[in-house]
Amino acid sequence: MENEQAFTIHLSFRQALVLCILALLLLASILFWVTYGWEGTESSRPFEFYRTFFFFFAFYSLCILLLTRCQTLLGILLLCFLALTSLLVLDYSLNDFLTIRLCLYLALQAGLLLHIQWPYQMLFPPTFSLLSLLMLFMPPILGANDLNPALRGVQAEEALAFLAFLLLCGYMQVALTRFQALGDKAKAQIAVLDTTITKLTVFSQSLQSYARTAELEAAKKERYRISREIHDISGYMFTNIIAMMDALVATGCRNSEKTTELCSAARSQAQEGLLETRRALHLLRKSDAEREVGMRAIHKIKKIFEGTTGVKVEIEAGNLPSSFGDELDLILYRIVQEGLTNALRHGHANRVRMLFWIIGESVQVIILDNGSGAKKIIKGIGLAGMEERISRLGGTVRAENAPEGGFQLTVTIPLQKEQSNDSYSVG
């Protein structure tokens, strides 16, 4: 999209230069008519004079217009030769009127500069101006003719003015062309940077999701392992105890020594099973406690995001507990993830602050960045999805430009629903 826009602007700039060339050609023809009138007052043979001028003027104009569209080197050289030949004939006819020839030379110079690349453009205006000035002196060298017997030499002031105008207009076009090229290059670089930032943001999101998924997967596997261990322990121990009880029943408790031995062994098995089960449950609780939840998960996002993007992230969690429960913890996680993504992708920020506070019966999250802000806030899929999740809990989302610059996302979520579900407790 950015490349298409840059191409459109570049095309419009070229079209403006072509229109300028057409305006110069039109001005030359108007000046000729104003100067010489319909009767050719400066010529002894009006018909021949007008026929020669307008024929070569039309041929010269065609060469200039083709020159603005030609893309091959051979075609450019051929058109330059034909245009210069036509210009020499026109010079020969218009020796006593310098302004018309100035317009014609300016048109040729503008057409040629369209095909010369930087930095060779800097050398072209003085070279072309000096050659043009030499061509002004050629008609007197060739001698007079029937079309214009009243030839006169070019005066020094006229020659200097002619040279100055060509140089000024040439370098003005070079400057405009250079600024346009630099602008196109900057737009292309911005488009590349935007693409890179988007890819980097997507990579950061993927890395965050992978880290969280890997963590949950590891915790899940550990729970499964411990549950299998408890199952094996309890199955083994209870099977032994049942076997001992069956043996005890079979003896009918007639042998007191045997009964005592079996009861002692059953008690020992039960006690060992209890210890093994407690050990496994302790490991299960430990693995669950070590799982990143609540603010620990958010700090983990911060670390991953800073490492992959280079953006500095600050977190202030004044009076928050370590966890609110699975549902609200996950929502806070998604809010932070979306806020960081928007700060990098859309705001191009290099610093983000995240504030977490419990105010009354609600938890408030404020995400501030120092990016470019937004001229117009359009809710994308991420922001709309966030609003949908939070509205189910009776919360609100406000996205706006920050007063001190950048962008601000404010989210407020009531804690009533979490408390009623016994997911959040303090004390």
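This is a predicted model, so every value here is computed, not measured.

Calculation criteria
- Residues numbered from 1 in each chain as written.
- Predicted model: local features only at pLDDT ≥ 70, side-chain atom pairs only at ≥ 80, totals over all residues.
- Heavy atoms only, no water.
- Phe/Tyr/Trp six-rings, centres within 6.5 Å; stacked < 30°, edge-to-face > 60°.
- Helix = DSSP H or I, 4+ residues; strand = E, 2+ residues; numbered from the N terminus.
- Buried < 20%, exposed > 50% of the residue type's maximum accessible area, 1.4 Å probe, protein only.
- Salt bridge = Lys/Arg side-chain N within 4 Å of Asp/Glu carboxyl O.
- Core = buried A, V, L, I, M, F, W, Y, C linked by side-chain atoms within 4.5 Å.
- Contact = heavy atoms within 4.5 Å.
- Pairing = 2+ DSSP bridges.
- Right-handed = clockwise from strand over helix to strand, strands pointing away.
- pLDDT = per-residue confidence, 0-100.
- Axes fitted to C-alpha atoms, helices over the stretch in contact; angles between N-to-C directions.

**Student:** Tell me what's going on with the packing of aromatic side chains, and back it up with residues and numbers.
**Tutor:** The description of two aromatic rings rests on the distance between their centres and on the angle between their planes. Enumeration according to the criterion identifies 8 aromatic pairs in this entry. On the numbers, 5.6 Å between centres and 20 degrees between planes, the contact of Phe53 with Phe57 is stacked. In this pair, Phe53 and Phe57 are both assigned in helix α2 (residues 46–69), 4 residues apart and thus about one turn of the helix distant. For Phe57, a relative accessible area of 9% translates into the label buried. Measuring from ring centre to ring centre gives 5.3 Å for Phe55 and Phe56, while their planes differ by 90 degrees; the resulting arrangement is edge-to-face.

**Student:** Quick rundown of the pattern of salt bridges? Include the residues and the values.
**Tutor:** Applying the stated criterion to the full structure yields 5 salt bridges. Arg398 is the salt-bridge partner of Glu400, the closest N and O atoms lying 3.1 Å from each other. On the basis of relative accessible area, Glu400 is assigned to the partly exposed category, the value being 26%.

**Student:** Describe the nonpolar core, with residues and values.
**Tutor:** Ranked by size, the top nonpolar core spans 45 residues in total, and within it Tyr60, Leu104, Tyr105, Leu108 and Phe162 carry the most contacts. When residues of this core are traced back to their parent elements, those giving at least two are α1 (2–36), α2, α3 (73–93), α4 (98–113), α5 (124–136) and α7 (156–251). For this core, the element with the most residues is α4, which contributes 12 residues. Residues within four places of Leu104 in sequence aside, it is in contact with Leu25, Ala28, Phe57, Tyr60, Leu87 and Leu90. Counting residues in each nonpolar core, the second largest holds 37 residues, with Ile331, Leu340, Leu344 and Ile390 among its members.

**Student:** Go over the pairing of strand β1 (residues 312–317), please, and point to the residues and values.
**Tutor:** Sheet topology note: the β1/strand β2 (residues 351–359) ladder contains 6 bridges and is parallel. Bridge pairing in β2 places Glu314 opposite Arg353. A crossover connection joins β1 to the parallel β2 through helix α10 (residues 326–345); in handedness this β-α-β unit is left-handed.

**Student:** An account of the confidence of the model for the chain is requested, with residue identities and associated values reported.
**Tutor:** Looking at the chain, the pLDDT average stands at 76 and 72% of residues meet or exceed 70. Scored below 50 in pLDDT, residues 417–427 makes 16 contacts in the model with residues more than four places away or belonging to other chains.

**Student:** Explain the sheet that holds strand β5 (residues 407–414) to me, and be specific about the residues and the numbers.
**Tutor:** What the 5 strands build is an open sheet, ordered β1-β2-β3-β5-β4; its pairing is mixed. Two strands bound the open sheet, and with one partner strand each, they are β1 and β4 (396–401). The average undirected angle you get between the axes of adjacent strands in this sheet is 10 degrees. Together, β1, β2, β3 (362–369) and β5 form the strand contacts of α10, whose direction differs from that of β3 by roughly 15 degrees.

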